[in-house]
Amino acid sequence: MGERYRELCKRAAEACDNAYTPYSHYKVGAAVLWESGIITSGSNVENASYGLTVCAERNAIFAGACLGERKICAVAVAVPADNIPSPCGACRQVIREFAEDCDILLINGKGQSKKTTLGELLPDSFGAHNLN
Ligand code: THU
C-alpha cells in the first residue's frame, strides 16, 4: 500500500474516536481522498430519531463537497470491531455521485484490511448520465 493510502486508512481509524453512537455502539470512521489531494474524514452521528443517523462515509464525503471538492479518488472505512466493515447501500450511491469508480479500503480494529472498488460494490450503478 502506498504512503497516501496508508495516511487515508489512518485518518479513517482516527475518525472512529469521534463517532457518536449512543444507540448502536457501532463506531465507524471514514476518510476520503479527493482529486485535489486533500483528505476529509467523518464519523457516524446517530440520533434518538434513528432514521436521522448519518453514516461516517456520508459525513466524510459531504465535508469534502462543502469545500468544493467534486471528484473522489479513494475512500477508507474503519471500525474498531473485529469484522471488516462494508459501506451501506446509501453510502455506495453517495460515493457514486463523486466517482464513476474508485478504490475502497476497508479496515477492522485488528489491523486487517480489504481493498475493493466502487464498481465491485455497486455494479451497473445509477448516475447523472442516466438523466440525459
Ligand atoms: N454505519 C456507518 O457509519 N456506515 C456504514 O456504511 C454502515 C452503518 C453506521 C450507522 C449507524 O450509526 C451504525 O453504523 C449502525 O448501523
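Please read all numbers here as calculations on a predicted model, not as lab measurements.

Undergrad: Sorry if this is basic, but what is going on with the pattern of salt bridges here?
TA: Where charged atoms from two side chains of opposite charge come close, those side chains can pair. Summed over all chains, the structure comprises three salt bridges. Notably, a salt bridge pairs Arg6 with Glu3, separated by 3.3 Å at the nearest N-O pair. You can see Arg6 and its partner Glu3 sitting in helix α1 (residues 3–15), three residues apart, about one turn around the helix.

Undergrad: Help me out: how do you make sense of the environment of Val75 in this one?
TA: In this fold, Val75 is placed in strand β3 (residues 72–78). The spacing of Val75 and Leu33 is 42 residues in sequence and 6.3 Å in space, taken between C-alpha atoms. For Val75, the contacting residues outside a window of four places in its chain are Leu8, Ala31, Val32, Ile95, Cys102, Asp103, Ile104 and Leu105.

Undergrad: How should I be thinking about the site of the ligand in this particular structure?
TA: Taken together, Ser24, Tyr26, Val28, Asn44, Glu46, Thr53, Cys55, Ala56, Glu57, Ser86, Pro87 and Cys88 make up all the residues around the ligand. At a separation of 2.9 Å, an oxygen atom of the ligand approaches a polar side-chain atom of Asn44. Within the side chain of Glu57, a nitrogen or oxygen atom sits 2.7 Å from an oxygen atom of the ligand. Its free accessible area being 380 Å², the ligand has 77% of it covered by the protein chains.

Cut-offs used in this document
The numbering scheme is per chain: residues are counted from 1 as the chain's sequence reads. Under the rules for a predicted model, residues below a pLDDT of 70 receive no local features and side-chain atom pairs below 80 are neither given nor counted, while totals for whole chains, interfaces and linings still include all residues. Note that the side-chain values use all heavy atoms of the structure and ignore hydrogens as well as water. What makes a salt bridge here is a side-chain nitrogen of Lys or Arg within 4 Å of a carboxyl oxygen of Asp or Glu, nothing more. Secondary structure elements follow DSSP: runs of H or I of four or more residues count as helices, runs of E of two or more count as strands, with numbering from the N terminus. By definition, residues are in contact when any of their heavy atoms lie within 4.5 Å. Nearness is defined per residue: one heavy atom within 4 Å of the molecule or strand is enough. N or O atoms within 3.5 Å of each other form a polar contact, as long as, within protein, one can give a hydrogen and the other can take it, and as long as residues adjacent in sequence are counted only when both atoms are side-chain atoms. Computed with a 1.4 Å probe, the accessible areas rest on the Shrake-Rupley method; for each residue, only the protein chains presented here act as cover.

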